[in-house]
Amino acid sequence: MNTTAGSRDAVIAALCAPDLAAMVDLVLWVEPDADGTPVAHAANHLGRVRLHPGGKHEVLAGADPVASEDPMAFLPYEREIAQEGPRVSTDNAYPYAAERILSLFAHAERSPDVAVVHTPRHYFPDEGGHHGEHGSLDVIQSRAPLVLSGARVTRRSYVDDHARLIDVGPTLAHLAGVPESDLLDGNGDPLDGRPLTAYLEPLPAGQPRRVVGILWDGAHCGDLLHLAEAGELPGVARLVERGVALRGGAVAEFPSVTLTNHTSILTGLGPGRHGVLGNVYFDRATGERVVPNDEATWHRSAEWLHPQARTVFEMVNDHVAPGSGPRTASVDEAIDRGADYATMQLIRASGSDRGAGDLGDQLPDPHASPFVGNPAHLEDRYFRWGVQVDDLGLQQMLQLWADPTAAPVLTWWANVVTDAGHHGGGPRSEMARDSLRQADRRLVAFLDHLDGLGVADEVTFLLTADHGFEGADQTVTGSWAPALDALGIPYRDEGPGFVYLH
């Protein structure tokens, strides 16, 4: 046995100890089969399994720790609430487990040797944890909402179906006029995702093709749809009335964290191909600890995005002739390579070494925001900053769409306060729901603007998020670091959860 494999096996065994079961849901890794084909593996204190694409499982020991891959698990929403944690892995579901694990481990320089999945209830504030958590392979933390609406979308209201977040980018590009045959990466290879044509009408030539993609970071799929049906999110309800909402949402890539899935959404690729492995990871080639999900680094995303990955902005610009306005626009989004207009481009032009971290005095006053529901939530620093960023985002959207004849063919609008509300309070908390209502008020303001211009019926909308959320249990604390330290094996743990062996 080689040294790395031996160290990996020792690490896996240590992490699967029963006394770590409250915080370690799964341990994941990939090793080659006899013919050299990479095979995904998962283990915990209950057992060990080999996972193959398409849902084939080979249990190697004990009970299958990934017993279900059902992407529609815990639906209808009442079932999710009734069966809210803590759940052991055999009572959980892990959609597309092999496919997502294999993608994470496909990068020679950036993939970890072992990935550790926190249990849904693990509370680890000393290492960056919050009341609300995401990042898991499990279905609830991986389930993002997905709503299609407007021009060229079939009106089906709520349907019992799901998609994947890697399908969002190809769908946006296809709606904006990119032929399916041209949905390729920079090497000419097909994307991992596919356009969701089952919910789209044929795209007649010569008709308007303007598309608005909207991301509510961290928006909980089930609660968002529940509040929309209850009349508490009238903007979302307007979209659903003119289109379709998938009850099973869209399954995030693993890990179900922000920058990994923003990049997957906007490239149609999994992390092993686009290169942004997580919110923090280690690059063996450069010896660098990379932290792409930070206000000081968002504007640098192109540095870590693989050259062969193509963003939807680049795909659309290849098929749309320049006009009187930007062809593509990226509002408050880190993954903006190729966009004609981009908020991060303005930050890059500022020359600031700290990126958005130096521009706080240029943001709107959060206490003067007309969209805030409960001012008490402004005491939370992240929530307060999210209000400022999202108010500025709406301002940019209204400016980009001041003249509909010069509006972008593809506009991408990222919102952040929903992530702040869910981290700060956990899903279904008053803080989380206040953030959803607040984001909805901005959506209504934009929809009303388009109605006033008389162009709302000519626009296609797609609303999604980058991951879901689960609430942590504040009594379940601790770290697996002491168990790894006791092995005497050199390692680094980024996240925590990405274990690199030296």
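All of these numbers come straight from a predicted model, not from anything done at the bench.

A.B. asks: Sorry, what's going on with the overall build of the protein chain here?
C.D. replies: Counting its regular elements, the protein chain contains 15 helices and 22 strands. In terms of overall dimensions, the protein chain is globule-like: its C-alpha atoms have a radius of gyration of 22 Å, near the 23 Å expected for 502 residues. Across its three principal axes, the protein chain shows a C-alpha extent of roughly 65 × 50 × 45 Å. Residue pairs at least 24 apart in sequence account for 72% of intrachain contacts in the protein chain once pairs closer than 6 positions are excluded. Carbon and sulfur atoms make up 50% of the accessible area of the protein chain, which totals about 18100 Å². The centroid of the 37 positive side-chain charges in the protein chain is displaced by 3 Å from the centroid of its 70 negative side-chain charges.

A.B. asks: Would you take a moment to explain the sheet that holds strand β13 (residues 250–251) for this structure?
C.D. replies: Strands in a sheet are paired, the pairing made by backbone hydrogen bonds, and the direction either parallel or antiparallel. Taken in spatial order, the three strands of this open sheet run β7-β13-β10, and their pairing is mixed. Pairing within the sheet leaves two strands with one partner each, and these edge strands are β7 (143–144) and β10 (163–164). Pairing between β10 and β13: two bridges, direction parallel. Each bridged residue has a counterpart across the sheet, and for R164 the counterpart in β13 is V251.

A.B. asks: Sorry, what's going on with the confidence of the model for the protein chain here?
C.D. replies: Reading fine detail from the predicted coordinates is not recommended where pLDDT is low. The share of residues in the protein chain with pLDDT of 70 or more is 97%, and the mean pLDDT across the chain is 95. Taken element by element, the predicted model of the protein chain shows its lowest mean pLDDT in helix α11 (residues 343–350) (89) and its highest in β13 (99).

A.B. asks: I would appreciate a short explanation of helix α7 (residues 234–241) in the present structure.
C.D. replies: Structurally, the α-helix is built with 3.6 residues per turn, so residues lying three or four positions apart point the same way. Among the residues of α7, those classed as buried are G235, V236, L239 and V240. What you see down the axis of α7 is that its buried residues fit within an arc of 140 degrees, all on one side.

A.B. asks: Would you explain the packing of aromatic side chains in this entry?
C.D. replies: One pair of aromatic rings is described through two measures. These are the centre distance and the angle between the planes. For the structure on display, the rule yields five aromatic pairs. Between F282 and Y500 the ring centres are 5.6 Å apart and the planes differ by 70 degrees, which places this aromatic pair in the edge-to-face class. Here the residue F282 occupies a position in strand β14 (residues 281–283), and Y500 occupies one in strand β22 (residues 498–501), the gap between them amounting to 218 residues. Both residues of the pair, F282 and Y500, belong to the buried class. Here a set of aromatic residues connected by ring pairs shows up, and it is made of W298, Y382 and W385. When the ring centre of F74 is taken as origin, the NZ or CZ atom of R87, which lies over that ring, is 4.3 Å away.

The rules behind each value
- Residues numbered from 1 in each chain as written.
- Predicted model: local features only at pLDDT ≥ 70, side-chain atom pairs only at ≥ 80, totals over all residues.
- Heavy atoms only, no water.
- Helix = DSSP H or I, 4+ residues; strand = E, 2+ residues; numbered from the N terminus.
- Rg over C-alpha atoms; globule rule 2.2 N^0.38 Å.
- Contact = heavy atoms within 4.5 Å.
- Areas by Shrake-Rupley, 256 points an atom, 1.4 Å probe, with all protein chains shown as cover.
- Lys, Arg positive; Asp, Glu negative; His and termini not counted.
- Charge placed at Lys NZ, Arg CZ, Asp CG, Glu CD.
- Pairing = 2+ DSSP bridges.
- pLDDT = per-residue confidence, 0-100.
- Buried < 20%, exposed > 50% of the residue type's maximum accessible area, 1.4 Å probe, protein only.
- Arc of directions from axis to C-beta.
- Phe/Tyr/Trp six-rings, centres within 6.5 Å; stacked < 30°, edge-to-face > 60°.
- Lys NZ or Arg CZ within 6 Å of the ring centre and 35° of its normal.

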